[in-house]
Amino acid sequence: MFPASFDYYRANSPEEAVALLAEHGSDARILAGGQSLIPAMRYRLAQPAVLVDINTMKDSNYIIQDNGHLRIGSTVRDTDLEFSELIRSKFQLMSDVSNVVADPIVRFRGTLVGSLCHNDPSGDWTAAMLAARASMVIQNGQGKRTLSADDFIVDSFTTAVEEGEMAVEALWPTPSARTGASYQKIERKVGDYATAAAAVQLELNEDNSVKEAGIAITAVSYVALRVAEAEKLLRGQKISRELIKAVAAEASAIADPTSDGRGSAEYKKEVVGVLVARGIVQSLERLGLKVEA
Ligand SMILES: Cc1cc2nc3c(=O)[nH]c(=O)nc-3n(C[C@H](O)[C@H](O)[C@H](O)COP(=O)(O)OP(=O)(O)OC[C@H]3O[C@@H](n4cnc5c(N)ncnc54)[C@H](O)[C@@H]3O)c2cc1C
C-alpha cells in the first residue's frame, strides 16, 4: 500500500525542526531512519500530513564522551554504535544491543534516538535505556530539558516528547571499571523483534557486593519495564544462586505478556526470568567473577 499524501520538509538544524513542528502541530512528525515510521505510513497506521526530515542535520551525527556521559546525537545510526570502538570497549550494554536490534539493513538506517522516541513495547533500546539509567535531551522553541528514562518512557508508543518538540540527544552514563552488563534476547530468527529480552547492568563495590543494579525487560508488557524490586534485592548484596533466583522471579512476576506467534504468555513470563538470570551471570563473568554458591 502507498502512504497517504504528505508535505515534506528538510530541517538542517534542531531549531529549524522545532519551528516546523510548532508550525504544523499534531499533523507533523520527525522522520529519522524511517524504519518504523515509513512502514507505519505504508500500512496507513500513521498518516502524518507533514514530515520533517532530520537526515541532513550533519551537526547531529555525533558520539561524544563528555562529562561522565556518552552523548549520542539524533541522527546517529545503530550501525555507527555497532562499529564504534569506544562503545565496544566501554559501553557493554549498548554494544550488546547494537548487535541484535533488527538486522544489519535496518540498523544501517535506524537511529538510537528514533527508536527510543518510537518506544515500541518490544523495542530493545528502551530496556537498555532503563537499565543503564540513560536520559534524553528534548528541545522545543523555548530551550531544552533533560528527562530520565523513567520519565521519558510513558506508555506504549508514547514518550514525554510533546507537540512542537524533538529529541536531540541521548545521554548514556559512562560505566565505571567495576561495571558488568549484558543484553539477553530471544528471537525467532535474526532480525526479528524479541520474544522476550532483558537488559542487566551491575556496578560492584570493592568487596564484590552490588553497588548499583539496573534490570529492565522488554516484549513482555505494554511497554519496557524497569524491575525496581529486583534492583532493590540486589543492592548491597553479594550475588548468590539463591539471590539470582529471587531476582529472576521478580522479573517474571511483573511481566504481563500476551500470547502471539512468538510464544504463549506463560512461556514469555517464564523465559524473561531466565534471561534476567543469564544476564546477571554474564555481567559477572565479564568482570572475571563467578556466582557464589
Ligand atoms: C524489519 C524490521 C525489524 C525490526 N526489528 C527491531 C528489533 O528487533 N528491535 C527493535 O528495537 N527495533 C526493531 N525495528 C525498529 C527499528 O529499530 C527502527 O529503526 C526504530 O524503531 C526507529 O528508528 P528510526 O530512526 O528508523 O525512526 P523513524 O522510523 O524515523 O521514527 C520512528 C518514530 O519516532 C519519531 N522520531 C524519530 N526521531 C525523533 C526525534 N529525534 N525526536 C522526536 N521524535 C522522533 C518519528 O516521528 C516516528 O514517530 C525493526 C524495524 C524493521 C523495519
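These numbers come from a predicted model, not from an experiment. (Residues numbered from 1 in each chain as written. Predicted model: local features only at pLDDT ≥ 70, side-chain atom pairs only at ≥ 80, totals over all residues.)

> An account of the overall build of the protein is requested, with residue identities and associated values reported.
Across its full length, the protein carries twelve helices and 14 strands. Relative to the 2.2 N^0.38 estimate, which gives 19 Å for 293 residues, the radius of gyration of the protein is 19 Å and therefore close to what a compact globule would have. Counting only C-alpha atoms and orienting by the principal axes, one finds that the protein spans roughly 60 × 45 × 30 Å. Here the protein holds 293 residues, and 46% of them are scored as buried. (Helix = DSSP H or I, 4+ residues; strand = E, 2+ residues; numbered from the N terminus. Rg over C-alpha atoms; globule rule 2.2 N^0.38 Å. Buried ≥ 20, exposed ≤ 12 C-beta atoms within 10 Å, placed from the backbone.)

> Please set out the sheet that holds strand 14 (residues 225-226) residue by residue, giving values where relevant.
Read from one edge to the other, the open sheet built from four strands follows the order 11-12-13-14, with strand pairing classed as antiparallel. Every interior strand has two partners, whereas the edge strands, strand 11 (179-186) and strand 14, have only one. Looking at chain direction, strand 11 and strand 12 (residues 196-204) are connected through eight bridges and run antiparallel. Counted as the bridge partner of Ser 182 is Val 200 from strand 12. Taken strand by strand, helix 5 (residues 92-100) contacts strand 11 and strand 12, and its axis lies near 20 degrees from that of strand 11. (Pairing = 2+ DSSP bridges. Contact = placed C-beta atoms within 7 Å. Axes fitted to C-alpha atoms, helices over the stretch in contact; angles between N-to-C directions.)

> Hey, could you go over the domain arrangement of the protein for me, with residue numbers and the actual values?
Entries for the protein in the domain assignment read domain 1 (7-53), domain 2 (58-173) and domain 3 (179-285). Domain 1 and domain 3 are separated by 35 Å when their C-alpha centres are compared. (Domains from an automatic or database assignment.)

> With reference to specific residues and values, describe the sheet that holds strand 10 (residues 166-173).
The strands making up a sheet are joined through hydrogen bonds of the backbone, oriented either antiparallel or parallel. Here five strands make up an open sheet; going across it, the order is 4-5-10-6-7 and the pairing antiparallel. Each edge of the sheet is formed by a strand with only one pairing partner; in this case those strands are strand 4 (63-66) and strand 7 (143-148). For this sheet, the mean inter-axis angle between neighbouring strands, taken without regard to orientation, is 25 degrees. By the bridge criterion, six bridges tie strand 6 (residues 135-140) to strand 7 in an arrangement that is antiparallel. Considered in strand 7, the bridge of Asn 140 is made with Gly 143. Each of strand 6 and strand 10 is contacted by helix 1 (residues 14-24), which is oriented at about 130 degrees to strand 10, the strand it contacts most.

> Help me get a handle on the site of the ligand, residues and values and all.
With respect to spatial proximity, 31 residues lie near the ligand, and among them Gly 33, Gln 35, Ala 102, Gly 110 and Gly 114 are the closest. Elements that contribute at least two residues to the shell around the ligand include exactly strand 2 (28-31), helix 2 (37-42), helix 6 (104-109), helix 7 (112-118), helix 8 (124-132) and strand 10. A per-class count over the shell around the ligand returns 15 nonpolar, twelve polar and four charged. For the shell around the ligand, the two domains that each supply at least three residues are domain 1 (7-53) and domain 2 (58-173). (Near = placed C-beta within 6 Å. Nonpolar A, V, L, I, M, F, W, Y, C, P; charged D, E, K, R; others polar.)

> Outline the environment of Ser 13, listing residues and values.
Looking at where Ser 13 falls in the secondary structure, it is placed in the loop between strand 1 (7-10) and helix 1. Among the residues examined, Ser 13 registers 14 C-beta atoms within 10 Å and is labelled partly exposed. With 265 residues separating them along the chain, Ser 13 and Arg 278 place their C-alpha atoms 42 Å apart. Other than its neighbours up to four places away in sequence, Ser 13 contacts Met 57 and Asp 59.

> Let's hear about unusual backbone geometry: which residues, and what values?
Residues other than glycine seldom take positive phi values, yet Asn 67 does so here, at roughly 55 degrees. Here Asn 67 is to be found in the loop between strand 4 and strand 5 (69-73).

> So what's going on with the nonpolar core? Residues and values would help.
Formed by 84 residues in total, the largest nonpolar core has its most connected members in Ala 128, Ile 217, Ala 251 and Val 276. Broken down by element, this core gets its largest block of residues, eight residues, from helix 12 (residues 265-285). For Ala 251, the contacting residues outside a window of four places in its chain are Ala 198, Ile 215, Ile 217, Val 227, Ala 230, Val 272, Gly 273 and Val 276. (Core = buried A, V, L, I, M, F, W, Y, C linked by C-beta atoms within 7 Å.)

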